[in-house]
Amino acid sequence: MAVTTTLTWNEERSFQKLLGNVSLRLLYKSSVHGRSTVEMQNRCRCQGPIVTVIYHSNSIFGVFTLGHSSDMSESFTEPNASFFFSLQKNETMEMKTVVLNSTVTFYRNNLTFCFSSYYNQKLSLNFEESRTYIPRIFEEELIVKSHAKSTFLECEVFRVEGIKDEAGYINRITRATQHRNSLLADVRAYSPYADLVSEIRILLLGPVGSGKSSFFNSVKSIFQGHLTRQAIVGSDVTSITEQYRIYSIKDGKNGQSLPFMLCDSMGLDEKEGVGLCVDDIPHILKGCVPDRYEFSPQKPITPKHPTFITSPSLKDRIHCVAYVFDINSMDNLSSKMVAKLKQIQKEVINCGVAQVALLTKVKNCNEVLQDNFLKMNKAMISQSQIQNVNKILGIPLSRILVVDNYASEREMDPVKDILILSALKQMFRATDDFLEDLPLE
């Protein structure tokens, strides 16, 4: 009878996505093949890249290595590129990773991973007692409770198939996950300049179908740990967003609200009397338009409207405007749309609000950033779409941001997350410049 994995379909998909859409072939299962390092060695020898998965009651954690030596009778002691991961068995299915070089030792019935870069800390499995020792130094990074000795329920080893350029690819994926987690921590720790407001407001403006609502959904998905679709997304020709929405973002399902809000607006149209009315813009920027206000393309809001906010405070105002464009349509903007954008920008400048540009729907997000994930590739910067935004709106290249929103995907992607979180950080920096520049009174 075929041996099947304990992983659920969603858990297996999460691992495959982490490793780059690979396939997993089960080699060893402790409850079937016996809790023995000898049996594990026999079944996993010369298999190339493998992942060892250990199951606990509330979490799963594991170790990915590029491969064992051909002789596994004792141990192999050369540092091996590896990373450790944990997956929480809850609604968010949050995954954490730590990238390390490790040496692997088999002694009697113990499997031990030693990390020289972590002061020779060791993670070990005792098969006779079904016990796991997890160093306390990993507790916070992997979200695994560091019991001195915790019982594991099952141990499985998989061969990882379908990895191209093994060392380079896995190195990039693991570094991407590390950088993504670092950006996530930075965004969570953000505090508006001088605590002038508790939450900044970022207004998303752009043509119909440019990806404004999708950007909000993507940001929320990152902090929820799974894909969400709160904002309804329209087509490239028809705006679904007819209400003004002020969205707060929570850190997790029941977490606290993060210190920023994304304000979604009706799409712009080149035709007069269609799409967002330009005369609504000054009132939105000044904080006079309430959440869920119903837009009317032919009739802008006035102070006589029953929900008009007559005396908005600094916290009600827009602190940063993000002009959102589909990167694939940027070179084809009509002269009428360009004229409308420049008209809107005059209002933004008059209010002194910070400005960035956000280009969505980039085709290959893996080629946007340099290998260190800190800067955009020079080839990307020189593309005509980015140069056109700079020419039309005069926005500095450092504040022209490129992202790929989540659309039809079912799993999260660390590289997409990096682009989205990096865009948020640039918006925060632009906003802080605006707040710092406010008159003292």
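All figures in this text were calculated on a predicted structure; none of them were measured in a lab.

## Considering the environment of glutamate 270
Then, number 1: Its location among the elements puts glutamate 270 in the loop between β13 (257-264) and α7 (281-285).
Then, number 2: When neighbours within four sequence positions are excluded, glutamate 270 is seen to be in contact with Ser334, Lys336, Met337 and Lys340.
Then, number 3: Within polar-contact distance, the side chain of glutamate 270 engages the side chain of serine 334 at 2.4 Å.

## Regarding the confidence of the model for the chain
Then, number 1: The share of residues in the chain with pLDDT of 70 or more is 83%, and the mean pLDDT across the chain is 84.
Then, number 2: A low-confidence stretch, residues 68-79 (pLDDT under 50), is modelled with 26 contacts involving residues beyond four sequence positions or located in other chains.

## Comments concerning the packing of helix α6 (residues 212-224) against helix α11 (residues 414-436)
Then, number 1: Two numbers describe how α6 lies on α11: the axes approach to 10 Å, and their chain directions differ by 105 degrees. Relative to α11, α6 is oriented roughly perpendicular. Facing Phe215, Ser218, Val219, Ile222 and Phe223 of α6, the residues of α11 in contact are Asp417, Ile420, Leu421, Leu424 and Met427.
Then, number 2: When its residues are assigned to classes, the contact of α6 with α11 shows 8 nonpolar, 1 polar and 1 charged.

## Digging into the nonpolar core
Then, number 1: Counting residues in hydrophobic clusters, the biggest one holds 91 residues, and the most contacted among them are Phe215, Phe223, Tyr244, Phe260, Leu424 and Met427.
Then, number 2: Membership of the second largest hydrophobic core comes to 20 residues, among which are Met40, Leu111, Phe127 and Ile134.

## Points about unusual backbone geometry
Then, number 1: Located in the positive-phi region is cysteine 46, a residue other than glycine, with phi close to 55 degrees.
Then, number 2: Within the element layout of this structure, cysteine 46 appears in the loop between α3 (37-44) and β2 (50-55).
Then, number 3: Notably, arginine 292 is not glycine yet its phi reads approximately 70 degrees, a positive angle.
Then, number 4: Structurally, the position occupied by arginine 292 is in the loop between α7 and β14 (293-294).
Then, number 5: Judged by its relative accessible area of 49%, arginine 292 falls in the partly exposed class.

## Thoughts on the side chain of threonine 360
Then, number 1: Structurally, the position occupied by threonine 360 is in strand β16 (residues 354-360).
Then, number 2: A residue is classified by how much of its surface remains accessible, and threonine 360, at 0% relative accessible area, is buried.
Then, number 3: Not counting chain neighbours up to four residues away, the residues in contact with threonine 360 comprise Ser210, Gly211, Val324, Phe325, Asp326, Ile327, Val403 and Asn405.

## Concerning the layout of surface pockets
Then, number 1: Of the pockets and cavities examined, the second largest pocket occupies roughly 520 Å³.
Then, number 2: Lining the second largest pocket are 23 residues, with Leu374, Lys375, Met376, Ser422 and Gln426 sitting closest to its centre.
Then, number 3: Looking at the lining of the second largest pocket, the elements with two or more residues in it are α5 (166-189), β17 (400-402) and α11.
Then, number 4: Sort the elements by how many residues they give to the lining of the second largest pocket and α11 lands first, with 6 residues.

## Description of the sheet that holds strand β11 (residues 200-205)
Then, number 1: Spatially, 7 strands are ordered β14-β12-β13-β11-β15-β16-β17 in an open sheet, and the strand pairing comes out mixed. One side of each edge strand has no neighbouring strand; the edge strands of this open sheet are β14 and β17.
Then, number 2: The pairing of strand β12 (residues 243-250) with β13 spans 5 bridges and is antiparallel. Across the sheet, the residue bridging to arginine 245 is aspartate 264, located in β13.

## Digging into the pairing of β11
Then, number 1: Most of β11 sits inside the fold, with 6 of its 6 residues counted as buried.
Then, number 2: Burial of the side chains of β11 extends over both faces: Ile200, Ile202 and Leu204 are buried on one face and Arg201, Leu203 and Leu205 on the other.
Then, number 3: Bridge analysis of β11 against β13 gives 5 bridges, and the strand direction is parallel. Looking at the pairing, arginine 201 lines up with methionine 261 of β13.
Then, number 4: With 4 bridges connecting them, β11 and strand β15 (residues 320-326) associate as parallel partners. Bridging from a neighbouring strand, leucine 203 pairs with valine 321 of β15.

## Quick word on the pattern of salt bridges
Then, number 1: Applying the stated criterion across every chain, the model contains 12 salt bridges.
Then, number 2: Its salt-bridge partner being lysine 29, residue glutamate 154 comes within 3.7 Å of it at the nearest N-O pair. Here the residue glutamate 154 occupies a position in strand β10 (residues 154-161), and lysine 29 occupies one in strand β1 (residues 23-29), the gap between them amounting to 125 residues. The exposure classification of glutamate 154 matches that of lysine 29, with both residues buried.
Then, number 3: The closest approach of N and O atoms between arginine 188 and aspartate 251, which form a salt bridge, is 2.9 Å. Residue arginine 188 is found in helix α5, and its partner aspartate 251 is found in the loop between β12 and β13; the two are separated by 63 residues along the sequence.
Then, number 4: Looking at arginine 188, the relative accessible area reads 31%, which means it is partly exposed.
Then, number 5: For aspartate 251, a relative accessible area of 25% puts it in the partly exposed group.

The rules behind these values
Counting from 1, residues in each chain are numbered in the order their sequence is written. In view of the model being predicted, local features appear only for residues whose pLDDT reaches at least 70, and side-chain atom pairs are presented and counted only at 80 or more, with totals across whole chains, interfaces and linings using the full set of residues. Heavy atoms throughout the structure, all of them, feed into the side-chain values; hydrogens and water do not. The way it works is that DSSP assigns letters per residue, a run of H or I at least four long becomes a helix, a run of E at least two long becomes a strand, and they are numbered from the N terminus. Residues count as neighbours in contact if any of their non-hydrogen atoms are within 4.5 Å of one another. We define a polar contact as two N or O atoms separated by no more than 3.5 Å, with the added condition that, inside protein, one atom must be a possible hydrogen donor and the other a possible acceptor, whereas residues neighbouring each other in sequence contribute only through side-chain atom pairs. Values of pLDDT, which run from 0 to 100, indicate the predictor's confidence residue by residue. Helix axes are fitted only over the stretch in contact, all axes being lines through C-alpha atoms; the angle between N-to-C directions runs from 0 to 180 degrees. In these notes the angle categories are as follows: under 35 degrees is roughly parallel, over 145 is roughly antiparallel, 65 to 115 is roughly perpendicular, and the rest is oblique. Three categories are distinguished: nonpolar for Ala, Val, Leu, Ile, Met, Phe, Trp, Tyr, Cys and Pro, charged for Asp, Glu, Lys and Arg, and polar for the others, with Gly belonging to the last. Throughout this description, the term nonpolar core refers to a set of buried Ala, Val, Leu, Ile, Met, Phe, Trp, Tyr and Cys residues connected via side-chain atoms within 4.5 Å. A 1.4 Å probe rolled over the protein chains alone gives each residue an accessible area, and that area as a share of the maximum for its type sets the label: buried under 20%, exposed over 50%, partly exposed in between. Using protein atoms alone on a 1 Å grid, points that fit a 1.4 Å probe yet trap it form a cavity, whereas open point sets bounded by protein on both sides within 12 Å along at least five of seven lines form a pocket; residues with an atom within 4 Å of a point count as lining. Grid points are joined across faces, edges and corners, and a volume is the space filled by probe spheres set on the points. Here, strands pair whenever DSSP counts at least two bridges between them. By convention in these notes, a salt bridge is any Lys or Arg side-chain nitrogen within 4 Å of a carboxyl oxygen on Asp or Glu.

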